Structures are given as structure tokens and as C-alpha cells.
Amino acid sequence: MCQHQPTCPSAEATDREAAKVLACFREQGWSLLCNGVIVFEDTGELLPDGSSIAPHRGPARHALAA
């Protein structure tokens, strides 16, 4: 699917979020990546096979300072 050089990570790769953005809908809170993954601003993901990845943000910066 990807025509970029070097090729973007596949939807199955652990670094799938590093693929290039094909379409961005910030007002709706999601972007379509070159590998077919839809990423949401809450860090959740929808994979091309219909499975989903729950949001996976790290702890807030102010929580780390405590």
C-alpha cells in the first residue's frame, strides 16, 4: 500500500504510528495513516482489520514531578 521510501511501518508493526499521515481531520479528532491505521487524538487506534487499540497516553507530566 505504501509508496514512500523508505516504506512506512505496516499496520501490524509496533511502530505503526510512525507512518505518514494521508488525511487529517483535526476538527473530528482523527487522522488516516499511509498504512491504513486511523489514529485518534486520545491516542486510540483503529486498525485496517477492524480491531482497535485502546488509548495509550503516558502519565501527565505534572504527575511525574511528584
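Further up the page is the structure itself.
Every residue gets a number counted from 1 within its own chain, in the order that chain's sequence is written. Under the rules for a predicted model, residues below a pLDDT of 70 receive no local features and side-chain atom pairs below 80 are neither given nor counted, while totals for whole chains, interfaces and linings still include all residues. For side-chain calculations, the full set of non-hydrogen atoms in the structure is used, while hydrogens and water are omitted.

A. How the structure looks around the sheet that holds strand β1 (residues 21–25). Note: two strands are recorded as paired if DSSP finds a minimum of 2 bridges between them. Helix and strand definitions follow DSSP, with helices as H or I runs of at least four residues and strands as E runs of at least two, each counted in order from the N terminus. Ordered in space as β1-β2-β3-β4-β5, the 5 strands form an open sheet in which the pairing is antiparallel. Both edges of this open sheet fall to β1 and β5 (52–53), since each of them pairs with a single strand only. Here β1 runs beside strand β2 (residues 30–33); their pairing, made up of 4 bridges, is antiparallel. Paired with Ala23 across the two strands is Leu32, which belongs to β2.

B. Summary view of the nonpolar core. Counting 9 residues, the largest nonpolar core is built from Cys2, Cys8, Ala11, Ala19, Leu33, Cys34, Val37, Val39 and Leu47. Contact criterion: two residues are considered in contact whenever any of their non-hydrogen atoms come within 4.5 Å of each other. Leave out the neighbours within four places in its chain, and Cys2 touches Thr7, Cys8 and Cys34. Nonpolar cores are built from buried Ala, Val, Leu, Ile, Met, Phe, Trp, Tyr and Cys residues. Side-chain atoms within 4.5 Å join them into one set. The cut-offs for exposure are 20% and 50% of the maximum accessible area for each residue type, with area from a 1.4 Å probe on protein chains only; residues under the lower value are buried, those over the upper are exposed, and the others partly exposed.

C. Structural view of the side chain of Arg16. Inspection of the secondary structure assignment puts Arg16 in the segment before β1. Setting aside anything within four residues of it in sequence, one finds Arg16 in contact with Pro9, Ser10, Ala11, Leu33, Asn35, Val37, Glu45, Leu47 and Ile53.

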